[in-house]
Amino acid sequence: MKKFYKKISMLIMMSIGISASVCAQNFHLLDINDSKDSHPSNNSLFNSAQPLPNDYLYGKFEYAVLNNIAYFTADDGIHGAELWRSDGTAKGTYMVKDINPGNLSSGVSSITVSGNKIFFRADDGIYGQEIWVSDGTDAGTVMVKDISPYGGSFPSFLTDVNGTVYFFVTFYATADELWKTDGTTDGTVMVTDFFSELGTYNASRLTNVNGRLFCVLDNYGA
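Reading the values: rules and limits
- Throughout this description, residue numbers start from 1 for each chain and increase along the sequence as written.
- In keeping with the predicted nature of the model, local features appear solely for residues at pLDDT of at least 70, side-chain atom pairs appear and are counted solely at 80 or more, and the whole-chain, interface and lining totals rest on all residues.
- The side-chain values count all of the structure's non-hydrogen atoms but skip hydrogen atoms and water molecules.
- Counting from the N terminus, the helices are DSSP H or I runs at least four residues long and the strands are E runs at least two residues long.
- Relative accessibility under 20% of the residue-type maximum defines a buried residue, over 50% an exposed one, and the middle range a partly exposed one, all with a 1.4 Å probe and only protein chains included.
- For this analysis, residues touch if any pair of their heavy atoms sits within 4.5 Å.
- Surface exposure here means Shrake-Rupley accessible area, sampled with a 1.4 Å probe, where a residue is shielded only by the protein chains that are shown.
- Each pair of strands is called paired provided DSSP finds at least two bridges between the two strands.
- Where helices are involved, their axes are fitted lines through C-alpha atoms of the stretch in contact, as for all axes, and angles between N-to-C directions lie from 0 to 180°.
- Known as pLDDT, the predictor's per-residue confidence is scaled from 0 to 100.
- For salt bridges, the criterion is a side-chain nitrogen of Lys or Arg within 4 Å of an Asp or Glu carboxyl oxygen.
- When the centres of two rings from Phe, Tyr and Trp lie within 6.5 Å, Trp using its six-membered ring, the rings pair. Their planes under 30 degrees apart give stacked, over 60 give edge-to-face, and anything left gives tilted.

A.B. asks: Explain the overall build of the chain to me, please; I cannot follow it from the model alone.
C.D. replies: From N to C terminus, the chain includes 1 helix and 16 strands. Buried residues in the chain amount to 46% of all 222 residues. Within the chain, counting contacts between residues at least 6 apart in sequence, those at least 24 apart form 43% of the total. Counting only carbon and sulfur atoms, one obtains 55% of the accessible surface of the chain, whose full area is about 11,600 Å².

A.B. asks: What am I meant to see in the sheet that holds strand β5 (residues 81-86) here?
C.D. replies: Backbone hydrogen bonds are what pair the strands of a sheet, in a parallel or an antiparallel way. Taken in spatial order, the 4 strands of this open sheet run β3-β4-β5-β6, and their pairing is antiparallel. The outermost strands of the open sheet, each flanked by one partner alone, are β3 (64-66) and β6 (94-97). Neighbour-to-neighbour, the strand axes of this sheet turn through a mean angle of 45°, independent of strand direction. Pairing geometry for β5 and β6, over 3 bridges, is antiparallel. Paired with R85 across the two strands is Y94, which belongs to β6.

A.B. asks: Quick question: what am I supposed to make of the confidence of the model for the chain here?
C.D. replies: Do not read the predicted coordinates in detail wherever pLDDT is low. With 68% of its residues at a pLDDT of 70 or more, the chain has an overall mean of 79. Taken element by element, the chain is modelled with least confidence in helix α1 (residues 2-9), mean pLDDT 43, and with most confidence in strand β10 (residues 141-145), mean pLDDT 98. Segment residues 1-9 is flagged for pLDDT under 50; beyond a separation of four residues in sequence, or across chains, it makes 15 contacts in the model. Every residue in residues 44-53 is under pLDDT 50, and counting partners more than four places away or in other chains gives 28 contacts.

A.B. asks: In this structure, what is going on with the pattern of salt bridges? I would like to understand it.
C.D. replies: It is possible for side chains of opposite charge to pair when their charged atoms get near one another. Enumeration over the complete set of coordinates arrives at 1 salt bridge. Residue K97 pairs with D138 through a salt bridge whose shortest N-O separation is 2.9 Å. Of the two residues, K97 is situated in strand β6 and D138 in the loop between β9 (129-134) and β10; the sequence distance between them amounts to 41 residues. Exposure remark for D138: the relative accessible area of 43% places this residue in the partly exposed category.

A.B. asks: It is not clear to me how the packing of aromatic side chains should be interpreted in this structure. Could you clarify?
C.D. replies: Aromatic ring pairs are defined here through the distance separating the ring centres and the angle between the ring planes. Following the criterion strictly, the structure yields 4 aromatic pairs and no others. The interplanar angle of 20° and the centroid separation of 6.4 Å between the aromatic rings of F120 and W132 together place this pair among those described as stacked. Of this pair, F120 sits in strand β8 (residues 117-123) while W132 sits in strand β9, placing them 12 residues apart in sequence. For F120, a relative accessible area of 0% corresponds to the buried category. Linked through ring pairs, F157, F168 and F194 together constitute an aromatic cluster.

A.B. asks: It is not clear to me how the sheet that holds strand β12 (residues 164-170) should be interpreted in this structure. Could you clarify?
C.D. replies: The strand order across the open sheet built from 4 strands is β11-β12-β13-β14, with neighbouring strands paired in antiparallel fashion. Every interior strand has two partners, whereas the edge strands, β11 (156-161) and β14 (189-193), have only one. The mean inter-strand angle of the sheet, taken between neighbouring strand axes irrespective of direction, is 25°. Where β12 and strand β13 (residues 175-181) come together, 6 bridges link them in antiparallel fashion. Each residue of the ladder has a partner; that of F167, found in β13, is W179.

As structure tokens, then:
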């Protein structure tokens, strides 16, 4: 039984060639963790336990792809769940950065391509879950801004709009602020605050439609 789960939990690169006379399928298993499951995904295993709203149920499950490189989170059994990349070969599959040093996981999730970089949320063990950016290198993977002084802003529903990433921030146990970032500290600012005397609005399902943002707001009352 362990062998079965091991196989389906490995990162699988599939290349399919189709011609008029033959259909060939080649599968290559990239074993990131040789002792147990590596759980390669674009959704942290810890998202479901984080404050509402988290995008565990509505978030990104497909890998983010930038310049023919797939980015995802995986656990190699040594560094915890961290940011990884792969070009489909064993040599080109490796951890980008150990964001939360040691065997602790940084909870990388919601990896989103914007421009020539990827954005995601992660916890370095100091600032809590915040917004991060990466150019695919260790040195180029950094926290964009420490938005919340209370142990993490829990960025959710990261959405690209023409090179700008919009996302929700959680302060009062619900996503009550809309923010945007261009990947710089100064360019990371609040767009609007959904919290008011009328109550707290839980925002979710941020969606880009031809450059216009749509979302769902649930009023929890005053």
